[in-house]
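Chain and residue survey
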Amino acid sequence: MSRGLHSTVLCTPLSYVCTLSSCFLNLCHSPFSEKTLSESIVRKSKVSQALVTLLMTTQDVSLHLNTIHILEHIASSSNSKCTRLVRQGAPHALLRSIAATSRVRPLLEELCIRQHLLLLKLAVKGTTGEKKLALKARLCGVVTVTLDLAKQCINNIDLSTPLLQVLKIYASNSSNSVSLVKNGVLNLMERYFSLYGKQNIAVFRHALDLYTQVLSFRSNASKAASSGATRKMLDLYVYWTDMDKLQKFIQVRKSILNSVKHLVGNESGRKALIKSDGIAILYATAKQSDEMKQEIQRNCTSNQMDFKVRCTNSTGPQELFKKTGSEQQAANPNDLAVLGKAIDNLALTCSQIIRKSMPKLCLPIPSLHG
C-alpha cells in the first residue's frame, strides 16, 4: 500500500471516515446502477489495503462494523478478491481486532459475530487454509479468547454458531487443540450437547464436530477417555439411535461414532466401552444397518418404486419398505442410494470400533471378514 493512502486513512477526521464508510456500505447493498460503482471501487487493491489498515487502527465501534461489512462484501464477491485480502494481511488484522474486542465490557455481540463470520470466509475461500489460520491465531493469542467467548455466550445461538466453527479451525493445530483441552473445551462441549441436543440441531452438530476434531489427537483422546467421555458418548449415541426412527440424523450418529472411535484408540477407552456394554450396542447397530442397506439395494433395482421408507422400533428390516395403500408415494432411487451409502458408512464405523476394541470378535458384516 502506498504511503500517501496510509497517511490519508490515519489522518482523516473520524466523523468523516465513518460517513464515508457508511456511504460505501450503502453502495455495496444497492441493487441497481450504484452496484457497478461499488464493484469498480472493490477492484482497487489500494482500497482493500486501506480497509485492512483501518481494521487494525480504528477503535470506533460503528466504523469497525462498517469496515467489516465492506470486507465481507469484498470477500464474498470472488475467490480472487478474498485471496487478495488474505495476502494484504486481513486475517492477522482481524485476529488482532478480535483480541481487542474481547476486552470491551459489556460484550459487543454484533461485532463479535461479524468478526468471526468474516474470519470463516477468509479461512474457507482464501489461500491461508485452516492450519495456517490456526497457527496465526495461536501467535496472536486469540485461541483462548474465542473459547472464553464461547463460554460466556453459550445461551446465545447466533453467536455460538460462528464461535464453534472458528474453534474447530483453531483445533486443527495440535498445539491449539492441547491448549483448548487444558482450558476446558471438552466440558464446554458436553454442556452444549445437553443444552442444544433438543433445541437446535445446527449448533449441536457444530459442537459435535469440534469435539471430534479435538479428540483426533491421541493425547486429548487419552485424557477424555480417562475422565469418562467414552460412556457419555455411548449414552449420547444410544439416545440419538432411539430418537432417529426415520433415519434423518445418520450423519449426527456417525459423528458421535467417530468420537467413540478416537476414544477407543487407547486402553482406558477400550475398557470403558466394553464395561458399558458398548460392543453389544455397536454390534446390533452394525447388523441392523447392514440388513437395511441390503433391503435398500433390492428396492433400488426393482422396477416398481411405489414404496415408502418406514423405520419403526419394533419391526424388522423386511418391513423397512412397505406400500401404504392410498397414500403410496414413489420413492426416488437417487435418494435411496444416498441413504444406503450413509447407512453403510454407519455400519462400517461400528465395525471399525469393534475391531479396535475386540480384535478376535467376529464382525457383524460378513463382507468384512477375512
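Residues numbered from 1 in each chain as written. Predicted model: local features only at pLDDT ≥ 70, side-chain atom pairs only at ≥ 80, totals over all residues. Heavy atoms only, no water.

**Re the environment of Tyr192**
Examined against the element boundaries, Tyr192 turns out to sit in helix 13 (residues 185-196). Taking the C-alpha atoms as reference points, Tyr192 and Ala150, separated by 42 residues in sequence, lie 10.0 Å from one another. Discounting residues that sit within four places of it in the chain, Tyr192 has contacts with Ala150, Cys153, Ile154, Ser160, Leu164, Gly197, Val203 and Ala207. Among the polar contacts listed, one links the side chain of Tyr192 to the side chain of Ser160, at a separation of 3.3 Å. (Helix = DSSP H or I, 4+ residues; strand = E, 2+ residues; numbered from the N terminus. Contact = heavy atoms within 4.5 Å. Polar contact = N/O pair within 3.5 Å; in protein donor to acceptor, adjacent residues only side chain to side chain.)

**Side note on the packing of helix 8 (residues 109-125) against helix 11 (residues 157-170)**
For the pair helix 8 and helix 11, interaxial distance at closest approach is 9 Å and the crossing angle is 40°. When the axes of helix 8 and helix 11 are compared, the pair comes out oblique. Crossing angle aside, the handedness with which helix 8 passes helix 11 is left-handed. Residues Glu109, Cys112, Ile113, His116, Leu117, Leu119, Leu120 and Ala123 of helix 8 lie in contact with helix 11, whose contacting residues are Asp158, Leu159, Pro162, Leu163, Gln165, Val166, Ile169 and Tyr170. Of the residues in the contact of helix 8 with helix 11, the class split is 12 nonpolar, two polar and two charged. (Axes fitted to C-alpha atoms, helices over the stretch in contact; angles between N-to-C directions. Parallel < 35°, antiparallel > 145°, perpendicular 65-115°, else oblique. Left-handed = near helix turned anticlockwise from the far one by under 90°. Nonpolar A, V, L, I, M, F, W, Y, C, P; charged D, E, K, R; others polar.)

**What about the environment of Lys131?**
With respect to the secondary-structure elements, Lys131 resides in helix 9 (residues 129-140). Given a relative accessible area of 63%, Lys131 falls into the exposed group. Measuring from C-alpha to C-alpha, the distance between Lys131 and Ser174 comes to 9.7 Å, with 43 residues separating the pair along the chain. (Buried < 20%, exposed > 50% of the residue type's maximum accessible area, 1.4 Å probe, protein only.)

**Observations concerning the packing of helix 5 (residues 61-77) against helix 6 (residues 79-87)**
Packed helix pairs are characterised by how far apart their axes lie and by the angle those axes make with each other. At a minimum axis separation of 5 Å, helix 5 and helix 6 run at an interaxial angle of 130°. Taken together, the axes of helix 5 and helix 6 lie oblique to each other. Along its contact with helix 5, which presents Leu71, Ile74, Ala75 and Ser77, the element helix 6 presents Lys81, Cys82, Arg84 and Leu85. Its residues assigned to classes, the contact of helix 5 with helix 6 comprises five nonpolar, one polar and two charged.

**Things to note about the pattern of salt bridges**
Applying the stated criterion across every chain, the model contains five salt bridges. The salt bridge involving Glu72 is made with Arg114; its shortest N-O contact spans 2.7 Å. Taken together, the positions of Glu72 in helix 5 and Arg114 in helix 8 put the pair 42 residues apart, joining distant regions of the chain. What makes Glu72 buried here is its relative accessible area of 6%. When its relative accessible area of 22% is taken as the criterion, Arg114 is described as partly exposed. Residue Arg231 pairs with Asp235 through a salt bridge whose shortest N-O separation is 3.2 Å. Taken together, the positions of Arg231 and Asp235, both in helix 16 (residues 229-243) and four residues apart, correspond to about one turn of that helix. (Salt bridge = Lys/Arg side-chain N within 4 Å of Asp/Glu carboxyl O.)

Geometry only, nothing functional implied.
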